[in-house]
Amino acid sequence: IVLAGLKNIMALLVILSPLCIGLLYSVKIANVRLKDTPILKNISISVSWAILGTFLPLAVLFEQHLIKTTLIFYFCLIKCFINTVLFDVRDIDGDSANGVRTIPVILGLKTTKILLLLINSTLIIWLIICYFGGFFHQHLFILILSVFYSFWYILYFARKNTEIGKSIDLFVDGEWIYIGIGIFGVNIMPHL
């Protein structure tokens, strides 16, 4: 927070926004907290990560690329939302037994899987916009792989009688590591 404040006010606001959302997520206000509200729980987590990943670089660099920023935000938001719901799939039995209302508990596994596949499909339109808009061409192959990788892990983890365990951490959240390595490789290879 101190480092962001030393950089500029925009960076400070970006850093503080997930903290504020986290407080709303965890603390009951008027006997309500976001963690207990099925869809708002996933959206709040997704928005927090998408804000950090999208707007912190923008705030630090002071670049005003609204279309690119919006595209990056949408990509991060969709990927994070899918991931949070898949983690709820892992806990569906425990959540159901404890009366915790998550998207998979409310909709069931099959409908949740269809919903996630439909949401991920919006990233195909996103890819088309990026391609024809001339955005992220250098990284388009990695982004295409990421979208289709999401289809794979939705189909894999959102099926009946799948023992998920900790593998979801590696394959779902670990995807950001694969994306980072891929983008780093694309950026570094021309300089070698």
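Refer to the structure above for everything that follows.
Residues numbered from 1 in each chain as written. Predicted model: local features only at pLDDT ≥ 70, side-chain atom pairs only at ≥ 80, totals over all residues. Heavy atoms only, no water.

Some words on the overall build of the protein chain
Across its full length, the protein chain carries 10 helices and 0 strands. For the protein chain, the α and β elements follow one another from N to C terminus as α-α-α-α-α-α-α-α-α-α. Counting only C-alpha atoms and orienting by the principal axes, one finds that the protein chain spans roughly 55 × 40 × 30 Å. Expressed as a percentage of the 192 residues in the protein chain, the buried residues total 38%. (Helix = DSSP H or I, 4+ residues; strand = E, 2+ residues; numbered from the N terminus. Buried < 20%, exposed > 50% of the residue type's maximum accessible area, 1.4 Å probe, protein only.)

Structural notes on the layout of surface pockets
Its volume calculated, the largest pocket comes out at about 380 Å³. Forming the boundary of the largest pocket are 13 residues, of which Ile72, Phe136, Leu143, Ile179 and Ile183 lie nearest the centre. Ranked by the residues each element gives to the lining of the largest pocket, the list is headed by helix H10 (residues 175–188), at 5 residues. For the lining of the largest pocket, the class distribution of residues is 10 nonpolar, 2 polar and 1 charged. (1 Å grid on protein atoms, 1.4 Å probe; cavity = no way out; pocket = protein on both sides within 12 Å on 5 of 7 lines; lining within 4 Å. Points joined across faces, edges and corners; volume = space filled by probe spheres on them. Nonpolar A, V, L, I, M, F, W, Y, C, P; charged D, E, K, R; others polar.)

Section: the packing of helix H3 (residues 38–61) against helix H4 (residues 66–90)
Close contact between H3 and H4 brings their axes to 8 Å; oriented N to C, the two are set at 145°. Crossing of H3 over H4 shows right-handed handedness. Where H3 approaches H4, its residues Lys41, Asn42, Ile43, Ile45, Ser46, Val47, Trp49, Ala50, Ile51, Thr54, Phe55 and Leu58 are matched on the opposing element by Thr69, Ile72, Phe73, Cys76, Leu77, Cys80, Phe81, Thr84, Val85 and Asp88. Residue composition of the contact of H3 with H4, by class: 15 nonpolar, 5 polar and 2 charged. (Axes fitted to C-alpha atoms, helices over the stretch in contact; angles between N-to-C directions. Left-handed = near helix turned anticlockwise from the far one by under 90°. Contact = heavy atoms within 4.5 Å.)

With respect to the nonpolar core
Membership of the largest hydrophobic core comes to 30 residues, with the highest contact counts inside it found for Ile82, Leu86 and Trp126. Those elements that provide at least two residues to this core are H4, helix H7 (109–133), helix H8 (140–157) and helix H9 (167–173). Here this core gets 9 residues from one element, more than from any other, and that element is H4. Excluding residues within four positions of it along the chain, Ile82 makes contact with Leu116, Ile119, Asn120, Tyr153 and Ile154. Among the nonpolar cores identified, the runner-up in size contains 6 residues, and Ala11, Val14, Ile51 and Ala59 belong to it. (Core = buried A, V, L, I, M, F, W, Y, C linked by side-chain atoms within 4.5 Å.)

Considerations on the pattern of salt bridges
Two side chains carrying opposite charge are able to pair once their charged atoms lie near each other. Applying the stated rule across the entire model yields 4 salt bridges. Two residues, Asp88 and Lys41, come together in a salt bridge whose shortest N-O distance is 2.5 Å. With Asp88 in helix H4 and Lys41 in helix H3, this pair connects stretches of sequence that are 47 residues apart. Lys41 carries the same exposure label as Asp88, and that label is buried. Lys79 is paired through a salt bridge with Glu175; the nearest N and O atoms lie 2.7 Å apart. Of this pair, Lys79 sits in helix H4 while Glu175 sits in helix H10; the two residues are 96 residues apart in sequence, bridging distant segments of the chain. The pair Lys79 / Glu175 is uniform in exposure class, with both members buried. (Salt bridge = Lys/Arg side-chain N within 4 Å of Asp/Glu carboxyl O.)

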